[in-house]
Amino acid sequence: MNVKSRARIGFITATAALSLAALAVPASANPPAGEYRQLAGVGSDTTQDVVNGLGDVVTNASGKIIASYDATGTSPIKTRAVGCDTLARPDGSGAGIAALNNAVDNATGCLDFARSSSGPSDTSTTDLTFIPFAKDGVTYATRSFSALPTNLTKTQLTDIYKCTLTSLNGVTIQPLLPQTGSGTRKFWLNTLGLTDATIGSCVNGTIQENNGLALTNNSQIMPYSIAQYIAQGKSLPNVPNRRGSAVLRNVNGVAPTTSGVLNTAFPIVRDVYNVVPTAKLTNALISTTFVGTTSKVCAQTTVIQNYGFGSLGTACGATTVKGEK
């Protein structure tokens, strides 16, 4: 082997190693070490990156306001300079809201809000207020070389997750779902008219949401946040590309994106939320940060759209949705 060939192989090997390393680099799971901001939040995998992005630009006279802790990473997390160093990292909307409730019930002062990619399950209580700040959509994804259809109807998707439709185009379908407590899991099942109790036995419900690397063969299908998929492909700081070979597919003949952005005419769309204790809506810091179209978060439409989400316009910051996860 000549010198040029060895050099070329070395370059290719190094490039491949760097590419794999780039995929393995985790998102920034916390604010910088030793930095404790004014409002601490946990929860949704779907909105962690956009809220991290908002945390870098939403400020007041005291500095950066929002400390957003990712759904995955080292655990426990430390959210305050004194105390608050034994909180197990909540993975997903449900776990984030449970942690917020625990902080309120026990007056720990360790958490101020939770991220949620779905609305409340129980609206008979008003303890929490779900404040919408962006629009997302969810579709199904398969591997790029899969023989599974590139378009399915909602009815077909329901039957797939009931395990009554088990094969298409000669492929035995293996449906995947995010982990229990995921807001995307809850939203997807609600959309399909299903619950955890009514999904079929063929469903694997243990994957991390919005992680295309979970698709390990061409028979698998999974729900995927459209906004997350867009953001993961944009080389944004601290947003790892977890798409792997996953490709977003059409539902009812409608594409999930148009010109590289969320298609707001897609048949499966949702609001995403920051959740706060209702009793703290009058707190000046929480109010100016999250509440109303003129709030600091709602004013950051460019940041919100840069992370793949759609703008809610005048609906951003509404405080009408109350309940519990």
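Every value quoted in this text rests on a predicted model; they were computed, and no experiment measured them.

## A short note on the pairing of strand S12 (residues 220-225)
Among the six residues that make up S12, six are buried, leaving the element largely enclosed by the rest of the structure. Relative to S12, strand S6 (residues 128-143) runs antiparallel, the two being bridged by four bridges. Along S12, the bridge assignment pairs Val138 with Ser225.

## Considerations on the confidence of the model for the protein
Across the protein, the average pLDDT comes to 91, with 91% of residues at or above 70. Every residue in residues 1-28 is under pLDDT 50, and counting partners more than four places away or in other chains gives twelve contacts.

## Some words on helix H3 (residues 93-105)
Residues spaced three or four apart along an α-helix point in a common direction, a consequence of the helix completing one turn every 3.6 residues. An ideal rise of 1.5 Å per residue puts 18 Å on 13 residues; H3 measures up with 18 Å between its terminal C-alpha atoms. What H3 keeps buried is the set Ser93, Gly94, Gly96, Ile97, Ala99, Leu100, Asn101 and Ala103. Summarising the contacts, the buried residues of H3 are in contact with strand S1 (39-43), strand S5 (113-116), S6, helix H5 (183-191) and strand S17 (269-277). Count one or two residues on from H3 and you reach Ala107, which has phi positive near 50°.

## Structural notes on the side chain of Gln208
Mapped onto the elements of the fold, Gln208 is located in the loop between strand S11 (204-207) and S12. Engagement of the side chain of Gln208 in a polar contact is seen with the side chain of Asp45, the distance being 3.1 Å. Looking at Gln208, its side chain comes within polar contact range of the side chain of Asp91, at 3.1 Å.

## So, unusual backbone geometry
Cis peptide bonds are those with omega within 30 degrees of zero, and the linkage from Ser75 to Pro76 qualifies with 5°. Looking at the secondary structure, you find Pro76 in the loop between strand S4 (66-68) and H3. One non-glycine residue with positive phi stands out, namely Asn252, at about 55°. Looking at Asn252, the relative accessible area reads 40%, which means it is partly exposed. Of note in the backbone geometry, Ser259 takes a positive phi value of approximately 55° without being a glycine. Inspection of the secondary structure puts Ser259 in the loop between strand S15 (257-258) and strand S16 (261-262). Taking the relative accessible area as the measure of exposure, Ser259 reaches 79% and is therefore exposed.

## As for the nonpolar core
With 36 residues, the main nonpolar core has Leu157, Tyr161, Trp188 and Ile221 as its most contacted residues. Listed in part, the 28 residues of the second largest apolar core include Leu39, Ile65, Ile286 and Val297.

## A look at the environment of Ile66
For Ile66, the position within the fold is in strand S4. Each C-alpha atom, one on Ile66 and one on Ala40, is 6.2 Å from the other, the two residues being 26 residues apart in sequence. Setting aside its immediate chain neighbours within four residues, Ile66 contacts Arg37, Leu39, Val51, Gly55, Val58, Phe113, Thr289, Phe290 and Val297.

## With respect to the environment of Asp127
Examined against the element boundaries, Asp127 turns out to sit in the loop between S5 and S6. A residue is classified by how much of its surface remains accessible, and Asp127, at 47% relative accessible area, is partly exposed. Placed 196 residues apart in sequence, Asp127 and Gly323 show a C-alpha to C-alpha distance of 6.2 Å. Aside from chain neighbours lying at most four places away, what touches Asp127 is Val276, Pro277, Thr278 and Glu324. Polar contacts involving the side chain of Asp127 include one to the side chain of Thr125, which spans 3.4 Å.

## With respect to helix H4 (residues 154-162)
For H4, the set of buried residues is Leu157, Thr158, Ile160 and Tyr161. All buried residues of H4 fall inside an arc of 160° around its axis, so they share one side. Cys163 sits one or two positions beyond H4 and adopts a positive phi of about 65°.

## Details of the packing of aromatic side chains
Note on aromatic pairs: each is described by the distance of the centres and the angle between the planes. In total, this model carries four aromatic pairs according to the counting rule given. With a centroid separation of 6.2 Å and 80° between ring planes, the pair formed by Tyr161 and Trp188 is classed as edge-to-face. Taken as a pair, Tyr161 in helix H4 and Trp188 in helix H5 lie far apart in primary sequence, 27 residues in all. The exposure class assigned to Tyr161 is buried, which follows from its relative accessible area of 0%. Sitting over the ring of Tyr229, Arg243 keeps its end group 4.5 Å from the ring centre.

What counts and how
- Residues numbered from 1 in each chain as written.
- Predicted model: local features only at pLDDT ≥ 70, side-chain atom pairs only at ≥ 80, totals over all residues.
- Heavy atoms only, no water.
- Buried < 20%, exposed > 50% of the residue type's maximum accessible area, 1.4 Å probe, protein only.
- Helix = DSSP H or I, 4+ residues; strand = E, 2+ residues; numbered from the N terminus.
- Pairing = 2+ DSSP bridges.
- pLDDT = per-residue confidence, 0-100.
- Contact = heavy atoms within 4.5 Å.
- Expected span 1.5 Å × (residues − 1).
- Polar contact = N/O pair within 3.5 Å; in protein donor to acceptor, adjacent residues only side chain to side chain.
- Core = buried A, V, L, I, M, F, W, Y, C linked by side-chain atoms within 4.5 Å.
- Arc of directions from axis to C-beta.
- Phe/Tyr/Trp six-rings, centres within 6.5 Å; stacked < 30°, edge-to-face > 60°.
- Lys NZ or Arg CZ within 6 Å of the ring centre and 35° of its normal.

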